[in-house]
Amino acid sequence: MDVGARWYVAHVKPRQEEQVCARLAEAVVETFLPRLLVQRRHGSRRWRALEPLFPGYVFVRLTPDPSVLFRVRWTRGVRQLLGSEDGPTPVDDGVVAYLRARTGPEGLIVPRPRLAPGTRVRFVDGPFALLEGIVERPATREERVRVLLQLCGTVVSVEAPTDELVPV
């Protein structure tokens, strides 16, 4: 891995994400294309298809060396590297790390399990780690749920982020 390498976003031509990744791999440029498995339907026919999480965009890891930038910019299928007239704008490494952490073994973004009311859950992190409770209210936009816990002989309602919980 290059010491000065950063993640950038390449805007690519429609439906050319996979081909651009293959061409950049030949040029020894690391790429990341997060994908989802989605349901498709046409009339009565249904199927599952792989689609990019961000259609038309590919993450590329490179050093901002002019020769490398030139090679990436002129790769067939690449429209441009996102940025300003000063040059491409790097993406925070945490963004790509978060997406990679959500990627399963097949290379797909794995959706979090839905925590419906009545689901028994265990806290894996935070102040209530290892305690179990029951979901009272489903997840909000902020990805928080209300959980009923038995503490000191009383039922207590606690609000917690969904990433601190796992279904039991």
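Calculation rules
- Residues numbered from 1 in each chain as written.
- Predicted model: local features only at pLDDT ≥ 70, side-chain atom pairs only at ≥ 80, totals over all residues.
- Heavy atoms only, no water.
- pLDDT = per-residue confidence, 0-100.
- Helix = DSSP H or I, 4+ residues; strand = E, 2+ residues; numbered from the N terminus.
- Pairing = 2+ DSSP bridges.
- Axes fitted to C-alpha atoms, helices over the stretch in contact; angles between N-to-C directions.
- Contact = heavy atoms within 4.5 Å.
- Core = buried A, V, L, I, M, F, W, Y, C linked by side-chain atoms within 4.5 Å.
- Buried < 20%, exposed > 50% of the residue type's maximum accessible area, 1.4 Å probe, protein only.
- Patch = residues over 30% accessible without salt bridge, like charges linked within 9 Å, V, L, I, M, F, W, Y side chains within 5 Å.
- Areas by Shrake-Rupley, 256 points an atom, 1.4 Å probe, with all protein chains shown as cover.
- Salt bridge = Lys/Arg side-chain N within 4 Å of Asp/Glu carboxyl O.
- Lys, Arg positive; Asp, Glu negative; His and termini not counted.
- Charge placed at Lys NZ, Arg CZ, Asp CG, Glu CD.

**Description of the confidence of the model for the protein chain**
At step 1: Here the protein chain shows a mean pLDDT of 89. Residues at 70 or above account for 96%.
At step 2: For the protein chain, per-element mean pLDDT is lowest for strand 3 (residues 35–42), which scores 82, and highest for strand 1 (residues 6–12), which scores 97.

**Observations concerning the sheet that holds strand 6 (residues 78–81)**
At step 1: Spatial strand order, 2-5-1-6: 4 strands in an open sheet with antiparallel pairing. Because the sheet does not close on itself, it has two edges, and the strands there are strand 2 (30–32) and strand 6. Taken over all neighbouring pairs, the strand axes of this sheet differ in orientation by 35° on average, direction set aside.
At step 2: One ladder, built from 3 bridges, connects strand 2 with strand 5 (residues 57–62); its direction is antiparallel. Within strand 5, the position partnered with Thr-31 by the bridge is Val-60.
At step 3: Of the strands in this sheet, strand 1, strand 2, strand 5 and strand 6 are in contact with helix 1 (residues 17–26), which crosses strand 5 at around 15°.

**Description of the nonpolar core**
At step 1: With 16 residues, the main nonpolar core has Val-60 and Leu-62 as its most contacted residues.
At step 2: Within the residue set of this core, elements represented by two or more residues are strand 1, helix 1, strand 5, helix 2 (66–73) and strand 6.
At step 3: In contact with Leu-62, other than residues within four places in its own chain, are Gly-4, Ala-5, Arg-6, Tyr-8, Val-29, Val-68, Leu-69 and Val-72.
At step 4: Judged by nonpolar contacts, the second largest core, of 10 residues, contains Leu-115, Val-121, Val-147 and Val-158.

**Re the sheet that holds strand 12 (residues 154–161)**
At step 1: One open sheet accounts for 5 strands, arranged 12-11-10-9-13; its pairing is antiparallel. Only two strands of the sheet have a single partner each, and these edge strands are strand 12 and strand 13 (165–167). The sheet shows a mean angle of 45° between the axes of neighbouring strands, direction not considered.
At step 2: Pairing analysis gives 3 bridges linking strand 9 (residues 120–123) to strand 10 (residues 132–137), with the strands arranged antiparallel. Looking across to strand 10, one finds that Arg-122 is bridged to Glu-132.

**A look at a negative patch on the surface**
At step 1: A surface patch of like charges, here negative, comprises Asp-125, Glu-142, Glu-143 and Asp-163.
At step 2: Take Asp-163: it is sitting in the loop between strand 12 and strand 13.
At step 3: Overall, the relative accessible area of 52% leaves Asp-163 in the exposed class.

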